[in-house]
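Notes for the structure review
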Amino acid sequence: MTEKVTAAITAVGGYVPEYRLTNKELETMVETNDEWIRTRTGIEERRIQKGEGLALSDMIVPAVLELCKKRGMEPSEIDCLIVGTITGDYPFPSTANVVCDKIGAKNAWGFDLAAACSGFLYGLTTGAALIESGRYKKIVVVGADKMSSIIDYTDRNTCIIFGDGGGAVLLEPNFDGFGVLDSVLKSDGSGRKYLKTEAGGSLLPTSLETVQKKQHFVYQEGAAVYKYAVKGMADAVHELMERNHLTADDIAWLVPHQANIRIIESTAHRANIPMDKVMVNINKYGNTTAGTLPLCLWDYESKLKKGDLIILAAFGGGFTWGATLVRW
Ligand code: UT7
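Reading the values: rules and limits
Residues numbered from 1 in each chain as written. Predicted model: local features only at pLDDT ≥ 70, side-chain atom pairs only at ≥ 80, totals over all residues. Heavy atoms only, no water. Helix = DSSP H or I, 4+ residues; strand = E, 2+ residues; numbered from the N terminus. Rg over C-alpha atoms; globule rule 2.2 N^0.38 Å. Buried < 20%, exposed > 50% of the residue type's maximum accessible area, 1.4 Å probe, protein only. Contact = heavy atoms within 4.5 Å. Areas by Shrake-Rupley, 256 points an atom, 1.4 Å probe, with all protein chains shown as cover. 1 Å grid on protein atoms, 1.4 Å probe; cavity = no way out; pocket = protein on both sides within 12 Å on 5 of 7 lines; lining within 4 Å. Points joined across faces, edges and corners; volume = space filled by probe spheres on them. Nonpolar A, V, L, I, M, F, W, Y, C, P; charged D, E, K, R; others polar. Domains from an automatic or database assignment. Pairing = 2+ DSSP bridges. Near = heavy atom within 4 Å. Polar contact = N/O pair within 3.5 Å; in protein donor to acceptor, adjacent residues only side chain to side chain. Sits in = over half its atoms within 2 Å of the grid points.

Considerations on the overall build of the protein chain
Within the protein chain, the regular secondary structure consists of 11 helices and 13 strands. Radius of gyration (C-alpha) of the protein chain: 19 Å, near the 20 Å computed for a compact globule of 328 residues. Overall, the C-alpha framework of the protein chain stretches about 60 × 45 × 35 Å when taken along its three principal axes. Taken over 328 residues, the protein chain has a buried fraction of 56%. Relative to all contacts within the protein chain whose residues are 6 or more apart in sequence, the contacts with residues 24 or more apart total 75%. Carbon and sulfur atoms make up 52% of the accessible area of the protein chain, which totals about 14,400 Å².

Overview of the layout of surface pockets
Space inside the largest pocket adds up to approximately 970 Å³. What lines the largest pocket is a set of 34 residues, and nearest its centre among them are Ile86, Thr87, Gly88, Ile150 and Thr197. The set of elements that each furnish at least two residues to the lining of the largest pocket consists of β5 (109-113) and β9 (195-197). Here the lining of the largest pocket takes three residues from β9, the largest share from any one element. Residues of the lining of the largest pocket, tallied by class, amount to 16 nonpolar, 13 polar and five charged. In this structure, the lining of the largest pocket is formed jointly by two domains, domain 1 (6-176) and domain 2 (181-327), each of which donates at least three residues. Size it by volume and the second largest pocket reaches roughly 590 Å³. Forming the boundary of the second largest pocket are 29 residues, of which Asn157, Ile161, Gln220, Gly222 and Asn260 lie nearest the centre.

Looking at the pairing of strand β7 (residues 164-174)
The element β7 is largely enclosed, with a buried count of 10 among its 11 residues. As defined by bridge partners, strand β1 (residues 6-15) adjoins β7 across nine bridges and the pair is classed as antiparallel. Bridge pairing in β7 places glycine 14 opposite glycine 167. Alignment of strand β6 (residues 139-146) against β7, held across eight bridges, turns out to be antiparallel. What sits directly across from lysine 146, in β7, is aspartate 164.

Comments concerning the site of the ligand
The immediate surroundings of the ligand are formed by 22 residues, with Thr32, Arg40, Arg156, Asn260 and Asn287 found nearest. Here tryptophan 36 contributes a side-chain N or O atom positioned 3.3 Å from an oxygen atom of the ligand. In this structure, the ligand is accommodated by the second largest pocket. Those elements that place two or more of their residues in the shell around the ligand are α2 (34-41), α8 (222-243) and α9 (261-270). When residues in the shell around the ligand are grouped by element, the largest group, four residues, is from α8. A per-class count over the shell around the ligand returns 11 nonpolar, seven polar and four charged. Here the shell around the ligand spans two domains, and each of domain 1 (6-176) and domain 2 (181-327) adds at least three residues to it.

Points about unusual backbone geometry
Cis geometry marks the peptide bond from phenylalanine 92 to proline 93, where omega comes out at 5°. A cis amide bond links glycine 318 with the next residue in sequence, phenylalanine 319, at an omega value of -5°. By secondary structure assignment, the location of phenylalanine 319 is in the loop between β12 (309-316) and β13 (320-327). Backbone geometry places alanine 116, a non-glycine residue, at a positive phi of 50°. Looking at the secondary structure, you find alanine 116 in the loop between β5 and α5 (119-132). A positive phi angle is found at asparagine 272, which is not glycine, with a value near 70°.

Set out below in structure tokens:
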């Protein structure tokens, strides 16, 4: 029994839309092929939210309700809801506000956290700090994105990669050393030139011209991002393991951001962690940006055992990256 309070993950929820955008269908949209996409990225299909009037919040609501049901609690018990995302329902108000309204989380405050693919990882540390402060008992951390809303389906550099979906975890105080134990979080804004949405902010407000130039869509220099991602994730995992005196044998699971199977394999390889201890679902969902980490936890929940040490790692736009150690 330790005196120190940690933020334990006490429930997980997730959601992916029904529609499957396959590599075959993408072949009819851009100059690409199934073989290239599979071998270069590991992706077979991604989910797309179709339908008028549907937005990010409509994917988060079922994930959070699932989490509440599993925990046997009412949404009104949530103290704070943090949404890691870059594709909120509106520029403002925050999607956290919309979700809380839709599920009846009347006693919660909340906010959106924009750290692209690292949104959930940053949210986990932020939520854990709120628990550790002693002021809050139930924090929901969401990672979710509707990437199809900002993807140009004539750009083969990006449209083959991204998908829609996300998940959520509940953080609660724990006095036995379970939950979020340590994080190595980094950022480098000079990387913004490689991965961004150019227009729609205060630098370049949306106009007819920005839309005609397709500046409201994601722009990515894939090869450059790839290089930084491989190094960033591996270095963060290494630093986290070293300062916690951990070897690969101590780690039950590596939970890497799902951007490219080659980045995942190389991160695992550099940490000496065999692929059978690495969560992978990129083949089914593609890159859901802030959604990938909670979707992995959601998919692999039945395989996780109490006490397992897991490392979550991400790299994304900003640049933002890092690694977090959790005792399940
Ligand atoms: O989650 C946020 C962080 N994002 C990432 O971590 C993504 C990191 N980047 C990547 O995953 C990879 O860079 C991509 C999957 C985006 C691209 O893979 P790549 O192996 O880096 O390809 P490349 O851009 O270097 O292109 C290699 C070749 C080029 O042809 P040439 O010039 O060698 O003749 C491209 O034109 O592949 C071609 N190519 C394609 N061919 C078929 C590029 N995209 C495609 C495509 N289908 N969709």
